Amino acid sequence: MIPVMFIITFLVFSLLWAVPGDPVYAYVGIDVVLDEEQLALLREKYNLNEPFLVQYFLWLQNVFQGDLGRSVESGLKVSEELMARAPVTFQLGLFALFFAIIVSVPAGILSAVYRGKAPDHAATFFSIGAVAIPDFWLGIVSILVFSVALGWLPTQGYVDPLEDPIQGLRHLVLPSFALGCTSCALIMRQTRSAMLEVLAQDYIRTARSKGLYELRIIFVHALQNSLLPVVTILGLQAGRIFASAIVVETLFGLPGMGTFVVDGVLGRDFQVVQGSVLLMAFMVLFCNLVTDILYAWLDPRIKYEG
Amino acid sequence: MKTIKSLIKIAVKPTTIVFTVVSLLGAPVFSACKYGGHLKVAIPGHFTSMDPHLGRSGWDAYLWRQFTDHLVDADRSLNPRPISSLAEKWEVSSNPDALTLTLRKGIEFHDGTPFNAEAVKANIERILDPANSATPRSSLAIIQSVDVLSENKVRLNLSGPWGAGLSQLADRGGAMNSPTAISKLGEDYGAKAVGTGPFVIKEAVQGSHVHFVRNENYWGKDKDGNRLPYLDEVTIRQVKKSSVRTAALRSGEIDLAYASLGDIEAFEADAKFNTSRMEAGKINLMLMFNTKMLDDPNLRNAITHAIDPAFINKAIYFGQNTVADSGMWLPGAWAHDPSVPRPSYNPAKAKDFLKKAGKPDGFEFTMVTFGARKPESEVMQAQLAQVGIKMNIEVMSGKAAGAAFFKEGKFAMYATSFSRYPEPDWAGSNVYKSSGYYNAANLPNPELDALIEKGAALSDIDERKKIYRKVDEIVLGQSIVVPMVYQTFVTVASKKVGNINTVSMHDGKMNFREVCMTE
């Protein structure tokens, strides 16, 4: 994990500096002006006159001390901004995954158990639909239906669920739905195929011949063994959720890491982009680590050599 | 009985009858303002900082205008507005040149720091110090030093006459911040800025919203002597998608926003909303040329005469904007002069200019723009092809496009938008002058430079008008910078919001100082 993190830091730093042009112009916004004297002082202040590797190691040195620099645009500490925004993206991701799991796992099981029948066709139809519909479109349509037409849920914004649980949840419903739908489809398809494979195993036939209840066979004997590939998909979804959060957070006005990165990229705010990508990479790697640990828990045959 | 009689008398007055009939017919009725209420506003832009001096985005003004006051405020035509200015008097003197400001007494910043001559000195010196990277520095560069004459009198010592001075103080450079808060918060000041304005920042979440509450000690009054502000609270949300802003307005989550162009007609026809128009709130489409790369004015004129802005307005802006009738000084500003000849759509003339340039069969060049101006650029590409000009389009992010065009000299033309700057010296010094930041070629142009310097120095508006007319004649006549379409700003608010005609300021940015709730 640590070597991967180093490679990521180097890649992120290299890619941003590969962008043509003098990075100091990132400090000049739209409709604002800085003169040459001010620009020269900024180059000096942020070590922009130093060679690439010197700049990289200076940045890395600060990162190890927990200092991700200050945003080029706002002048605020990137680390503090990320600390404030990460929980929003984390909550959104968690709710989206929760929504995806509670819908897709039962749908996948149903689809596998009733293979070739009406429930299977219905689940397949909806899963293909969910993959095909872009999350921003789904977001806009859900706003029009649930906020404008029905008036049930807010159109945008964020309320901390720890401060006001009801309002917090109300604000997370639509973004989580929009974000979770695509994952929902993938998890459902994976659950279905894994369940079909397990349900064809000899031990399931033995269980049935012993007269066990079908529900017990499915939920106790088949489900745990079919969860392994589902967990793999869940781990992979962490990365996808960070990517899609960029669109969903912008649409619903959530002050998370997605909007932070988008604003950073559009504003050439290299300090923000570097800090955010670093944290996101760390979180994705962390999710992969959790996935590996879950493997061992779900399947006692899997052992990691220490 | 006397009361009943007087009521009947009022009721049968012609104006009352007209008002009643109009009310019954459903025309907008503006009820009296009430104190209190929470106004929720949505803006599409990305704000960077609440520090008026160090912020990097024009959208920041939507925030700092709520909690700061200006040394000299201005109305939409950019005439000084003493009623909302921190300076109650100003005096221009020469030999040596200076601007002396007499400040209002008894005003405090939100943190209790007194607003006085020392505070003005600290603010101006902060801007002028190059180490602070303050963006209004170029606008105030003429100030050599600041002298505190007394508790409420301050003198700005100038390196020359400064006719543009009062207008420049109505922009970022004149917004006053608490010196105590600046020194206490250092680089974090942008998140917790402190001014003297009608509202105090309660909570600011970067990239999301800012929540303001009433400044209970605010000094300002409206023209009728009513204490300001009316509102208890204002929340400004950043909502980038126009469809979401519209949905939020319709669902009642947001009380006020600028309507997106595609929704203007529907909102104006909807009895649930009040609307207020500001023509030419900004320049929506403007062509800026690198005169080093495209050095023949005939070639530039061929381009500007081959483009039909009326078609672009109809096809892309739902016909809601207005075709530019002059240069960068927009309708409503005193320098606006539509009688100056400017390029207009005329393909035959465009072909004549190509012949004059010795390229009757056309030529090829590459322009740059950002995502939002791509559709317009494609329309222009097709229109230019009609006269034989091949235009290649490069699309970048706003900042990258700006740097590539203005600083790296990579493109011959830039299709962009520009904020409304009613003070002509802002565009004069920063865009037209050979040393200007937004002059891509930075080629010497002694005639234009001399005019701009003269225009900034003169105090008499009529004299300045004559100078800026000459500037426009050169800039538009040689197609150096040519606005194509001005953008209409339409404030949409629910019926319970009053005084919405005071929302848009001289630069098109929003201000809620006099906005109120009527229910």
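Just above sits the structure.
Bear in mind that the values here come from a model prediction, so they are computed numbers and not experimental data.

Draft legend 1. Quick peek at the overall build of chain A. Secondary structure summary: chain A contains 11 helices and 0 strands in total. A total of 306 residues make up chain A; the buried ones form 48% of that total. At a minimum sequence separation of 6, the contacts of chain A that also span at least 24 residues come to 72%. Summing over all exposed atoms, chain A offers an accessible surface of approximately 15,100 Å²; the carbon and sulfur share of this is 70%. Taking the average location of the 18 positive side-chain charges in chain A and that of its 25 negative ones, the two points are 18 Å from each other.

Draft legend 2. Examining the pattern of salt bridges more closely. Residues and elements named next belong to chain B. A complete count under the given rule lists 31 salt bridges over all chains for this structure. Put simply, Asp51 and Arg126 hold a salt bridge, and the shortest N to O gap is 2.5 Å. Of this pair, Asp51 sits in the loop between strand S1 (38-43) and helix H3 (61-67) while Arg126 sits in helix H4 (residues 117-128), and the two are 75 residues apart along the sequence. One exposure class covers both Asp51 and Arg126, and it is buried. Among the ionic pairs, Glu453 bridges to Lys433, the shortest N-O distance being 3.3 Å. Of this pair, Glu453 sits in helix H16 (residues 446-457) while Lys433 is found in the loop between helix H15 (424-432) and H16, placing the two residues 20 residues apart along the sequence.

Draft legend 3. A look at unusual backbone geometry. All names here are of chain B. Cis geometry marks the peptide bond from Asn95 to Pro96; its omega dihedral reads -5 degrees. With respect to the secondary-structure elements, Pro96 resides in the loop between strand S2 (87-93) and strand S3 (98-103). Of the consecutive residues Leu228 and Pro229, the connecting peptide bond is found in the cis state with omega at -5 degrees. Along the chain, Pro229 turns up in the loop between strand S7 (209-214) and strand S8 (233-238). Not every positive phi belongs to a glycine, and Asn95 is a case in point at roughly 50 degrees. Here Asn95 lies in the loop between S2 and S3. The class of Asn95 is exposed, set by a relative accessible area of 74%. Unusually for a residue other than glycine, Ser133 sits at a positive phi of about 55 degrees. Mapped onto the elements, Ser133 comes out in the loop between H4 and helix H5 (137-140). Taking the relative accessible area as the measure of exposure, Ser133 reaches 5% and is therefore buried.

Draft legend 4. Expanded view of the pairing of strand S10 (residues 273-289) of chain B. Residues and elements named next belong to chain B. In terms of residue burial, S10 counts as a mostly covered element, since 13 of its 17 residues are buried. Across 12 bridges, S10 lies against strand S15 (residues 481-494) in antiparallel orientation. Pairing of Met278 across the sheet is with Phe489, part of S15. Sheet topology note: the S10/strand S14 (residues 413-419) ladder contains 6 bridges and is antiparallel. Bridging across to S14, Ile283 finds its partner in Phe418.

Draft legend 5. Examining the side chain of B:Ser326 more closely. Residues and elements named next belong to chain B. Within the secondary structure, Ser326 is located in the loop between strand S11 (322-323) and helix H12 (347-356). Of note is the side chain of Ser326, whose polar atom sits 3.1 Å from the backbone oxygen of Asp337. Those residues within four positions of Ser326 in sequence are excluded, and the remaining contacts are His336, Asp337, Pro338, Arg342, Asp472, Leu476, Pro483 and Tyr486.

Draft legend 6. Layout of helix H17 (residues 461-477) of chain B. Residue and element names in this part refer to chain B. For H17, built from 17 residues, the straight-helix expectation of 24 Å at 1.5 Å per residue is met to within 8% by its first-to-last C-alpha distance of 23 Å. The complete set of buried residues in H17 reads Arg464, Ile467, Tyr468, Val471, Asp472, Ile474, Val475 and Leu476. Packing partners of the buried residues in H17 comprise helix H10 (297-306), H15, H16 and S15. N-capping of H17 is provided by Asp460, with a side-chain oxygen placed 3.1 Å from the backbone N of Asp462.

Draft legend 7. Representation of helix H11 (residues 309-316) of chain B. Residues and elements named next belong to chain B. The complete set of buried residues in H11 reads Pro309, Ile312 and Asn313. Around the axis of H11, the buried residues are gathered within 100 degrees of arc, so they sit on the same side. Tucked inside the fold, the buried residues of H11 contact S10, S11, helix H13 (374-385) and S15. One side-chain oxygen of the residue at the start of H11 lies 3.1 Å from the amide nitrogen of Ala310, identifying that residue as Asp308. Of the residues one or two after H11, Phe318 is the one with positive phi, at around 55 degrees.

Draft legend 8. Region of the structure containing the interface of chain B and chain A. Opposite the 49 residues of chain B that make contact, chain A presents 47 residues. For the chain B and chain A pair, buried surface summed over both sides reaches about 4,100 Å², with 53% attributable to carbon and sulfur atoms. Considering only the surface of chain B that becomes buried against chain A, B:Arg56, B:Lys399 and B:Tyr437 emerge as the three largest contributors, covering 18% of it. Here chain B and chain A share 6 salt bridges between them. The shortest N-O distance in the salt bridge between B:Lys240 and A:Asp263 comes to 2.4 Å. At the boundary of chain B and chain A, one finds 8 residue pairs in polar contact (both at pLDDT 80 or more).

About the criteria used
Residues numbered from 1 in each chain as written. Chains lettered and ligands numbered in written order. Predicted model: local features only at pLDDT ≥ 70, side-chain atom pairs only at ≥ 80, totals over all residues. Heavy atoms only, no water. Helix = DSSP H or I, 4+ residues; strand = E, 2+ residues; numbered from the N terminus. Buried < 20%, exposed > 50% of the residue type's maximum accessible area, 1.4 Å probe, protein only. Contact = heavy atoms within 4.5 Å. Areas by Shrake-Rupley, 256 points an atom, 1.4 Å probe, with all protein chains shown as cover. Lys, Arg positive; Asp, Glu negative; His and termini not counted. Charge placed at Lys NZ, Arg CZ, Asp CG, Glu CD. Salt bridge = Lys/Arg side-chain N within 4 Å of Asp/Glu carboxyl O. Pairing = 2+ DSSP bridges. Polar contact = N/O pair within 3.5 Å; in protein donor to acceptor, adjacent residues only side chain to side chain. Expected span 1.5 Å × (residues − 1). Arc of directions from axis to C-beta. Buried area = accessible area lost by both parts, 1.4 Å probe.

Keep in mind that these numbers describe shape and distance, not what the molecule does.
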